[in-house]
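# Working through the structure, step by step
This is what each chain is made of:
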Amino acid sequence: MWSDAVNQTNKSALLAWVKETGIHLVQVNGQRKYGGPPPDWIGDPPPSGSEVFVGKLPQDIYENQLIPLFQSVGKLYEFRLMMTFSGLNRGFAYAKYSNRHSAQIAIAALNNFEVQKGCPIMVCRSTEKCELCVDGLSSLVEQGQLWTLLQEVTPGVLNISLYPSPSRKGGQFAVLKYNSHRAAAMAKKTLVEDNLGLYGEDIEVDWLKLDMKQKLRSERTFLGSLQPGGCNSGNPSQAPGDPVVRPLTQALCVLDYLNALCEKQRLGTPVFLTKCVQVNPDGWIRFWYQVVIPGYPSPFSGFMWIKTDKSGLSGHDKAKNAIALQLLKTLGCPVV
């Protein structure tokens, strides 16, 4: 039931309920919130999976009806009603319970419940998305630059990964991971609404979709079984803060393959720049890299973890080989 104006009777009932119960509602960033935590809460926040999504709400219904309804099936940790500037709700809300079991009970009991005659609501598990994607970044952007900016303006950022843009030729595509759905949602609002100078034109910010996540994951996985000429890979543990990269250990077969392919397509010989920026006691070495292919419109840059071994190759040579394999996949020419 969509409305064009605030129902004054319902608004008055909300104000009277707030005064009577002493409940505290806070409106911030387009949502009105109760709890998170509630006044009597002791201990850590509820685990993931304790939140439900509430949809198909009539726009003139408010917390004086919704909070008692959702509290009737379990203890609420937080209730968030999405609001418009005019004072109507936006048709959906989030209810977070003290545990997963209460959230499951809420779904079973309240999905399709009629909050008004002829208005059944939808209650389902909240996806609690924590990852954003940013498309259209300049090819000159480095991970460190982006990390510094986002730490300042979007609290809760945990990790940043950069990829060639799937839709902007010569641009970059970033995946941003946050420590909670709320932190990610607030970051999305900040990045969309504020002019932060994100190193590019026509930047697009959105939730990271599952199909794109799977595509990026497959492009970032390096399997020794796919390497030609007998190259083998180890089975190292993951280095801190970065995706798993399985280092190459024998001859520079992948690098030779990339060079030959670029020559065949008349792109020129790739020029590699690598710099060691971190050495860990467990043998992992982190390299910054930039690769310029003369016939390609923009350079490739990023970071790569390599683990030392007894293969006889230097860290820089191993880094170049692993980078070459990544470039082949990025260019749509995986080694088979």
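Residues numbered from 1 in each chain as written. Predicted model: local features only at pLDDT ≥ 70, side-chain atom pairs only at ≥ 80, totals over all residues. Heavy atoms only, no water.

### A few points about the confidence of the model for the protein
The pLDDT averaged across the protein works out to 80; a share of 81% of its residues lies at or above 70. In the model of the protein, helix 6 (residues 210–220) stands out as the element of lowest mean pLDDT, 74, in contrast to helix 2 (residues 63–71), which has the highest, 97. Below a pLDDT of 50 lies the segment residues 221–252, which in the model reaches 69 contacts outside its immediate sequence neighbourhood of four places, other chains included. (pLDDT = per-residue confidence, 0-100. Helix = DSSP H or I, 4+ residues; strand = E, 2+ residues; numbered from the N terminus. Contact = heavy atoms within 4.5 Å.)

### Let's talk about the sheet that holds strand 13 (residues 271–279)
Spatially, 3 strands are ordered 13-14-15 in an open sheet, and the strand pairing comes out antiparallel. On the outer flanks of this sheet lie strand 13 and strand 15 (300–307), each paired with one strand and no other. Neighbour to neighbour, the strand axes of the sheet diverge by 25° on average, direction disregarded. (Pairing = 2+ DSSP bridges. Axes fitted to C-alpha atoms, helices over the stretch in contact; angles between N-to-C directions.)

### Digging into the pattern of salt bridges
Proximity of charged atoms lets side chains of opposite charge pair with each other. Counting across every chain of the model gives 8 salt bridges. In this structure, Arg 182 engages Glu 78 in a salt bridge whose closest nitrogen and oxygen atoms are separated by 1.9 Å. Pair noted here: Arg 182 is in helix 5 (residues 181–193) and Glu 78 is in strand 4 (residues 76–83), with a separation of 104 residues, a long-range link. Relative accessible area serves as the criterion here: at 32%, Arg 182 is assigned to the partly exposed category. The buried category is assigned to Glu 78, whose relative accessible area is 2%. Through salt bridges with shared partners, a single network forms among Glu 51, Glu 78, Arg 80 and Arg 182. (Salt bridge = Lys/Arg side-chain N within 4 Å of Asp/Glu carboxyl O. Buried < 20%, exposed > 50% of the residue type's maximum accessible area, 1.4 Å probe, protein only.)

### Digging into the side chain of His 181
When you line up the elements, His 181 lands in helix 5. For His 181, a relative accessible area of 12% translates into the label buried. For His 181, the side chain forms a polar contact with the main-chain oxygen of Lys 129, separated by 2.8 Å. When neighbours within four sequence positions are excluded, His 181 is seen to be in contact with Arg 80, Tyr 94, Glu 128, Lys 129, Cys 130 and Trp 207. (Polar contact = N/O pair within 3.5 Å; in protein donor to acceptor, adjacent residues only side chain to side chain.)

### Structural notes on the sheet that holds strand 3 (residues 51–55)
Taken in spatial order, the 6 strands make up an open sheet running 1-2-4-5-3-8, and their pairing is antiparallel. At either margin of the open sheet sits one strand with a lone partner, and together these are strand 1 (25–28) and strand 8 (122–125). Across the sheet, the mean angle from the axis of one strand to that of its neighbour is 20°, orientation sign disregarded. As paired strands, strand 1 and strand 2 (residues 31–35) are joined by 4 bridges and run antiparallel to one another. Bridge pairing links Val 26 to Lys 33 in strand 2. Against the sheet, helix 3 (residues 100–110) engages strand 3, strand 5 (89–97) and strand 8, with an angle of about 150° to strand 8.

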